[in-house]
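# Summary of the model geometry
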Amino acid sequence: MSAQSLRHGPPANKWILAVVVLVMLDVTDSEPTYQWKDPTTGEAVTCEKCPPGTSVSSHCTRDRRTECQRCPGLHYTELWNYADECRYCNVFCGEREVEVQPCDPTHNRQCQCQPGFYLDFEFCVEHSKCPPGFGVQTLGTSYSDTVCQKCLPGTFSNTSSRTEPCQPHRDCRAEGLAVNVEGDQHHDTLCTSCRGYDASTQEGDECEQAIFDFMTSRISPKSLNQLLRALESTGQRPRKQLNKKSLRKLRTFLQKPRDSNPGQNLVDTLLQLLDHAHLHKLQKEIRRKFRIDQ
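Residues numbered from 1 in each chain as written. Predicted model: local features only at pLDDT ≥ 70, side-chain atom pairs only at ≥ 80, totals over all residues. Heavy atoms only, no water.

## Notes on the packing of helix H5 (residues 266–276) against helix H6 (residues 280–289)
Two numbers describe how H5 lies on H6: the axes approach to 8 Å, and their chain directions differ by 155°. Taken together, H5 and H6 sit at an angle that is classed as roughly antiparallel. The handedness of the crossing between H5 and H6 is left-handed. Between H5, through Leu271, Leu274 and Asp275, and H6, the contact on the second element is made entirely by His280, Leu282, Gln283, Ile286 and Arg287. Within the contact of H5 with H6, the residues separate by chemical class into four nonpolar, two polar and two charged. (Axes fitted to C-alpha atoms, helices over the stretch in contact; angles between N-to-C directions. Helix = DSSP H or I, 4+ residues; strand = E, 2+ residues; numbered from the N terminus. Parallel < 35°, antiparallel > 145°, perpendicular 65-115°, else oblique. Left-handed = near helix turned anticlockwise from the far one by under 90°. Contact = heavy atoms within 4.5 Å. Nonpolar A, V, L, I, M, F, W, Y, C, P; charged D, E, K, R; others polar.)

## Details of the state of the cysteines
Counted by the stated rule, this structure contains ten disulfides. The disulfide partner of Cys89 is Cys103, and the gap between their sulfur atoms is 2.0 Å. With the S-S bond torsion at 70°, the cross-link from Cys89 to Cys103 turns out right-handed. Of this pair, Cys89 sits in the loop between strand E6 (87–88) and strand E7 (97–101) while Cys103 sits in the loop between E7 and strand E8 (110–113), and the two are 14 residues apart along the sequence. You'll find Cys89 and Cys103 in the same group, each marked buried. For Cys151, the disulfide goes to Cys166, at an S-S distance of 2.1 Å. (Disulfide = S-S within 2.5 Å. Buried < 20%, exposed > 50% of the residue type's maximum accessible area, 1.4 Å probe, protein only.)

## With respect to the packing of aromatic side chains
Taken as a whole and assessed by the stated rule, the structure comprises three aromatic pairs. Centre to centre, the rings of Tyr34 and Trp36 are 6.0 Å apart; their planes meet at 75°, and the pair counts as edge-to-face. What makes Trp36 partly exposed here is its relative accessible area of 31%. Ring centres 4.3 Å apart and planes at 10° place the aromatic pair Tyr34 and Tyr82 in the stacked group. Of the two residues, Tyr34 sits in strand E1 (residues 33–37) while Tyr82 sits in the loop between strand E5 (75–76) and E6, which places them 48 residues apart along the sequence. Note on Tyr34: relative accessible area 5%, which makes it buried. Under the relative-accessibility criterion, Tyr82 is labelled partly exposed at 43%. Three or more aromatic residues joined by ring pairs form one cluster here, namely Tyr34, Trp36 and Tyr82. Geometry around Phe290 places Lys289 over its ring, the cationic atom sitting 5.8 Å from the centre. (Phe/Tyr/Trp six-rings, centres within 6.5 Å; stacked < 30°, edge-to-face > 60°. Lys NZ or Arg CZ within 6 Å of the ring centre and 35° of its normal.)

## Details of a nonpolar patch on the surface
Taken together, Leu74, Tyr88 and Phe92 make up a surface patch of nonpolar side chains, about 340 Å² in accessible area. Here Tyr88 lies in strand E6. (Patch = residues over 30% accessible without salt bridge, like charges linked within 9 Å, V, L, I, M, F, W, Y side chains within 5 Å. Areas by Shrake-Rupley, 256 points an atom, 1.4 Å probe, with all protein chains shown as cover. Salt bridge = Lys/Arg side-chain N within 4 Å of Asp/Glu carboxyl O.)

## Overview of the environment of Cys113
Note on placement: Cys113 falls in strand E8. Taking relative accessible area as the criterion, Cys113 reaches 3% and is therefore assigned buried. Counting along the chain gives 30 residues from Cys113 to Tyr143, while the straight-line C-alpha distance between them is 7.8 Å. Residues within four places of Cys113 in sequence aside, it is in contact with Arg96, Glu97, Val98, Tyr118, Leu119, Cys124 and Ser142.

## A word on the UniProt feature "domain: TNFR-Cys" (unreviewed entry) in the chain
Residues annotated in UniProt with the feature "domain: TNFR-Cys" (unreviewed entry) correspond here to residues 70–111 and 112–148. What you have in residues 112–148 is 0% helix and 46% strand, and the ends, taken at the C-alpha atoms, are 23 Å apart. (UniProt positions renumbered as here; feature names shortened; annotations may be inferred.)

## Re the pattern of salt bridges
Under the definition given, this model contains nine salt bridges. Residues Glu99 and Arg109 are paired through a salt bridge, measuring 3.0 Å at the closest nitrogen-oxygen approach. Separated by ten residues along the polypeptide, Glu99 in strand E7 and Arg109 in the loop between E7 and E8 bring together distant segments of the chain.

## What to know about H5
Residue pairs spaced three or four apart in an α-helix point in one direction, given the helix's 3.6 residues per turn. Regarding H5, the residues found buried are Leu266, Val267, Thr269, Leu270, Leu271, Leu273 and Leu274. With its phi angle positive at about 60°, His278 sits one or two positions after the end of H5.

## Considering the pairing of strand E2 (residues 44–48)
Pairing of E1 with E2, which is carried by five bridges, proceeds in the antiparallel orientation. In the sheet register, Thr33 faces E2, and the bridge partner there is Glu48. What sits between E1 and E2 in their antiparallel hairpin is a turn of six residues, with Gly42 showing a positive phi close to 80°. (Pairing = 2+ DSSP bridges.)

## So, the side chain of Thr61
Turning to its location among the elements, Thr61 is positioned in the loop between strand E3 (54–58) and strand E4 (67–70). For Thr61, a relative accessible area of 17% gives the class buried. Excluding residues within four positions of it along the chain, Thr61 makes contact with Asp38, Pro39 and Val45.

## Quick look at unusual backbone geometry
For Arg96, which is not glycine, the phi dihedral falls at a positive 65°. Along the chain, Arg96 turns up in the loop between E6 and E7. Classification of Arg96 as partly exposed rests on a relative accessible area of 40%.

Quick look at the structure:
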C-alpha cells in the first residue's frame, strides 16, 4: 500500500460512516405511517400514525396530515396507532393484589400480588414457609414461591420461616466454651462452661442446665414414656405430659421440692429418677460426660 493511499484512506472511511449515521437518524426520527384511502379523491395516501396516549380524530388526506386527539380518562394507547378510539383500561386489581401501574393515557392498569403472596394460576397464594431443618434459598416474589433448601452440615434452622436462611452453628471453642450438645440441621450447638459437675461450686447451676440439655438431646420417645411412668410412681406427675419440646421444663418441675428443702441436690434427684425409670444407659452417659462420681 502506497503512502498516498494511507493518507487518503481515513477521510473516505469517515465520509462513509457519516452517511450511514445520517441514514439511520433519518429512519429513526421519521414518524410511523400507515396506508389510507383519501375519501375525496379515492387515491391511496400515506398517513402519519398518532403517538401513544392519543387516537385518530381525523385521518389524513392528500392535502392534510392526520389529526390526533388525547385519550379521555380511563382510556389509553401504548403504541403509535391509527385507531379511531383509545382502549378502555380493563384491568382491575383483585383480592390480595396491589396496583403497581395506574391507568393513564399510555398504560393500562397493572396489578401484582401484595407482599408475601405470589401469582399461581391467576390467584395470589401465600408464600410457603421453609420448615425447621430447611432455610430460605431464594425469597418469594410476586410471581414465584419461596425456594427452600436443606440446611447443610454446620448450619441449622429451628423455625418455620419465609425469609430466614439456615444459620451457622455456634462456635463454642472460639468462645472458650465446651460443646455440650452438637448442633444438627434442626438446632444450634449448645455450649457450656461446665467441665465437670460439682455441687459445691458456683458453677453448679450452669452444670445443672448443661446436664438437662444433654439429657434432652439424648432421650428417645420410648425413654420419655418410661420417665413419665417413673414420675407417676413417685407421686410427682406433671400437669402436662412430657414431650421432647417441653422436657427442659422438667428441671423447674423437679426443683419445686428443693425450694422447700434447700439441701436437696437436683442432679442427684434426676439421676435417681433415671435409675427408677430403668434408663441406666442414659444415666451412665451423664455421669461420664460430667464426671459425676458413681
